[in-house]
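As a plain string of letters, each chain reads:
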Amino acid sequence: MSRKLYVARSPRIAARKLGEEMLVMSAVDSTLFTLNPTATILWQAADGATPLDEIVEHKICSEFDVNPDEALRDAETLANDLATRGILLISEQPIGAAKPRLQESA
Amino acid sequence: MSQLATPVAAYSVVIAIGGVAVRVNTSDKNFLAMLYNRYAGFVGDHATAEFEFDIDLRQPESADPEADVSVTCLAGRWVMQRGDFRAEWDPRSRRGHIRQSANPYAIDAVLRIVHTLLLARQSGFLMHSASAIRNGRAFLFAGVSGAGKTTISRLAPTDATLLTDEISYVRRAGEPEQGYVAFGTPFAGELAKSGENTRAPLAALYLLAKGAENRIEPVRAADAGREVLANILFFAHDRETVQSVFQTACDFVHHVPVYRLTFVPDARVWELIR
């Protein structure tokens, strides 16, 4: 894997963790999404500055018993899916500050 | 909020919902009489009016008389339209204009939209739900059409005060830990009867489902959030409003108990609601 990918949370969404689930609503069309545990980790770590492979290594492989190469491929697929839905931004360059309001509640 | 200083028009009525008074001006006596009748119980004092709308009773020029509602914000002015009305409202000047056919549903829709926009900035919302007060506490009963909002309203005992059988008005009491307050509304469903113009601290939200027995079950926070969002009325899909409504819904389920209420459609269900 030669190229680096960077992911950032879209500013055009609102997000909140309720219980164990992350709810995300698009501010573009009000579509509501529920992120699965892997997507939640990816979304929370998507600061625009940390490369995706580092997120996978430090946040996903440490949490789940997965092969790193396979985990990275899955993470790229997931990131592209979330980007298609307007939840994440993806770039081969670091992405500037574009963080939505994020709060957590029990 | 500051009060309007402009003179009262010849024909006008102040409609106060949730303590927010909106003056509606019209040149048509019959339409005025309809407004007084429809919003009886919610007619306020002219001195309390915070917002004002002039009504022009002409059919709006719409390409599609059946067009669904749309709400957009243009340079700080809200534009609301549907097949039977077109309204503009400037929250800064507190004034607006409605062009509509002489039917009660258009002004009703405009009032609902205006209140959703105001509530979105006040950690509140209108919700598709019946609501009632019992023992000094308010309860919401939410559900899609047919879930039982009107049924449970009809079954309410004499010691319950019905706030609405269709659209509930909810606003945060102050700080989140102070809870929420439910207000009566004139927005009626199949019951065709306005709620009482009163208020009470909100005790719980029940998600309605008809079943073979009366049963109350807790609802997981994320499910509660999804259900609340599904039942909140909001028409404006601008970024700020969506984010505000979303956060309000999440705050709400964090502070108000949400239960699933399965019920047999008879009066015994109210034995569970106290």
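Worth saying up front: this structure is predicted, and the values here are computed from it rather than measured. Every chain's residues receive numbers from 1 upward, in the order its sequence appears when written. By the order in which they are written, chains take letters starting at A while ligands take numbers starting at 1. Whole-chain, interface and lining totals are the exception, using all residues; otherwise, since this is a predicted model, local features are given only for residues with pLDDT of at least 70 and side-chain atom pairs are given and counted only at 80 or more. Each side-chain value is worked out from all heavy atoms of the structure, with water and hydrogens disregarded.

1. Things to note about the overall build of chain B
Phase 1: In terms of helices and strands, chain B carries five helices and 16 strands.
Phase 2: Only the C-alpha atoms count toward the radius of gyration. The rule for a globule is 2.2 Å times the residue count to the power 0.38. Against the globule reference of 19 Å for 274 residues, chain B gives a C-alpha radius of gyration of 19 Å, in line with a compact fold.
Phase 3: For chain B, with 274 residues in total, the buried portion stands at 53%.
Phase 4: Pairs at least 24 residues apart make up 67% of the contacts formed inside chain B by residues separated by at least 6 positions.
Phase 5: A total accessible area of about 11700 Å² is found for chain B, and carbon and sulfur atoms account for 48% of it. Counting from the N terminus, the helices are the DSSP runs of H or I reaching at least four residues and the strands are the DSSP runs of E reaching at least two. The buried label goes to any residue with under 20% of its type's maximum accessible area, the exposed label to any with over 50%, and the partly exposed label to all in between, with areas taken from a 1.4 Å probe on protein chains only. Note on definitions: a residue-residue contact is assigned when non-hydrogen atoms from the two residues lie within 4.5 Å. Areas reported as accessible are Shrake-Rupley estimates using a 1.4 Å probe. Residue values count occlusion only from the protein chains shown.

2. Section: the pattern of salt bridges
Residues and elements named next belong to chain B.
Phase 1: When a carboxyl oxygen of Asp or Glu lies within 4 Å of a side-chain nitrogen of Lys or Arg, that pair is called a salt bridge. Using the criterion set out here, one finds 24 salt bridges over all chains in the structure.
Phase 2: As a salt-bridge pair, Asp84 and Arg82 come within 2.9 Å of each other at their nearest N and O atoms.
Phase 3: The exposure class assigned to Arg82 is partly exposed, which follows from its relative accessible area of 24%.
Phase 4: Through salt bridges with shared partners, a single network forms among Arg77, Arg86, Glu88, Asp90 and Arg92.

3. Things to note about the sheet that holds strand β1 (residues 6–9) of chain A
Either a parallel or an antiparallel arrangement is found when strands of a sheet pair, and the pairing is made through backbone hydrogen bonds.
Residues and elements named next belong to chain A.
Phase 1: Read from one edge of the open sheet, three strands run β5-β1-β6, paired in antiparallel fashion. Edge positions in the open sheet fall to β5 (47–51) and β6 (88–91), since each of these has one partner strand only. Taking the axes of each pair of neighbouring strands and ignoring which way they run, one obtains an average angle of 25° across the sheet.
Phase 2: Comment: axis = line fitted to C-alpha atoms, over the contacting stretch for helices; angle = value between 0 and 180 degrees taken between N-to-C directions. Lying over the sheet, helix α2 (residues 52–60) contacts β1 and β5, oriented at roughly 75° with respect to β5.
Phase 3: This element, helix α3 (residues 68–84), spans β1 and β6 of the sheet and lies at about 120° to β6. Should DSSP find at least two bridges between two strands, the strands are regarded as paired.

4. A word on the sheet that holds strand β4 (residues 70–74) of chain B
Residue and element names in this part refer to chain B.
Phase 1: With mixed pairing, the seven strands of this open sheet are ordered in space as β1-β2-β3-β7-β6-β5-β4. The open sheet terminates on both sides in strands that have one partner only, identified here as β1 (12–17) and β4. Put simply, the sheet's adjacent strands are angled 20° from each other on average, direction ignored.
Phase 2: Strands in contact with helix α1 (residues 29–38) are β1, β2 (20–25), β3 (51–56) and β7 (95–100); relative to β1, the strand with the most contacts, it is inclined by about 25°.
Phase 3: Across the face of the sheet, helix α2 (residues 104–120) comes into contact with β1, β2, β3, β4, β5 (77–82), β6 (85–90) and β7 while running at roughly 30° to β6.

5. Section: the pairing of strand β8 (residues 124–134) of chain B
Residues and elements named next belong to chain B.
Phase 1: Most of β8 sits inside the fold, with 10 of its 11 residues counted as buried.
Phase 2: Direction of pairing for β8 relative to strand β11 (residues 167–172): antiparallel, over a ladder of five bridges. Within β11, the position partnered with Leu126 by the bridge is Tyr169.
Phase 3: Sheet analysis places β8 next to strand β15 (residues 232–233), joined by two bridges and oriented antiparallel. By the bridge assignment, Met127 is partnered in β15 with Ile232.
Phase 4: In this structure, β8 lies alongside strand β9 (residues 137–142), joined through six bridges in antiparallel fashion.

6. Side note on unusual backbone geometry
Phase 1: The phi torsion at Asn135 of chain B lies on the positive side, around 55°, for a residue other than glycine.
Phase 2: Here Asn135 of chain B is to be found in the loop between β8 and β9.

7. A word on the packing of aromatic side chains
Phase 1: For this analysis, a ring pair means two rings from Phe, Tyr or Trp (six-membered ring only for Trp) whose centres lie within 6.5 Å, classed as stacked if their planes differ by under 30 degrees, edge-to-face if by over 60, and tilted for the remaining angles. Scanning the entire structure with this criterion turns up nine aromatic pairs over all chains.
Phase 2: Both rings, one in Tyr169 of chain B and one in Phe183 of chain B, keep their centres 5.3 Å apart while their planes meet at 75°; by these two values the pair is edge-to-face. Pair noted here: Tyr169 of chain B is in strand β11 and Phe183 of chain B is in strand β12 (residues 180–183), with a separation of 14 residues, a long-range link. In this structure, Tyr169 of chain B and Phe183 of chain B share a single accessibility class: buried.
Phase 3: The criterion for a charge sitting over a ring is simple: Lys NZ or Arg CZ within 6 Å of the ring centre, and within 35 degrees of the ring normal. The side chain of Arg9 of chain A reaches across the aromatic face of Trp43 of chain A, ending 5.0 Å from its centre.

Shape is all these values report; function is a separate question.
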